[in-house]
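Fold and contact review
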Amino acid sequence: PKVTYIEHDGRSQVFDVPLGENVMRGALYNGVEGIVGECGGGLSCATCHCYVDEAWTGRVGGPSSQAEEELLESAAAEVKPNSRLSCQIEMTEALDGLVVHLPETQY
Ligand code: FES
């Protein structure tokens, strides 16, 4: 499934992220600058913060756990209703074409 990553400055890149992988790893594998993913998906860093494109929020949904919801609050950039930790978004066929926007900073 394809994911479009849109950097804060508007640069947009599309990558194929394998099924079962998460959106954070897809970014790291491809050198996307706007996602750091310091803890490797361990739900302890909040440096994989992203904003799910409005067109996709219904399919992606909100935080997948209370732990994600709480950790999101410590994200460096402004937290919005469509904020997610990208390591907690797992790729499925239904998410093919997903678009995420990256915050200005992860620290
Ligand atoms: Fe650390 Fe997502 S990579 S919380």
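Residues numbered from 1 in each chain as written. Predicted model: local features only at pLDDT ≥ 70, side-chain atom pairs only at ≥ 80, totals over all residues.

1. Comments concerning the pairing of strand β2 (residues 12-16)
Here strand β1 (residues 2-6) runs beside β2; their pairing, made up of five bridges, is antiparallel. Bridge pairing in β2 links Ile6 to Ser12. The turn linking β1 back onto β2 is made up of five residues, and Gly10 within it adopts a positive phi angle of 100°. (Pairing = 2+ DSSP bridges. Helix = DSSP H or I, 4+ residues; strand = E, 2+ residues; numbered from the N terminus.)

2. Overview of the environment of Met24
Structurally, Met24 can be placed in helix α1 (residues 23-29). Classification of Met24 by C-beta neighbours within 10 Å gives buried; the count is 26. Separated by 17 residues in sequence, Met24 and Glu7 place their C-alpha atoms 14 Å apart. (Buried ≥ 20, exposed ≤ 12 C-beta atoms within 10 Å, placed from the backbone.)

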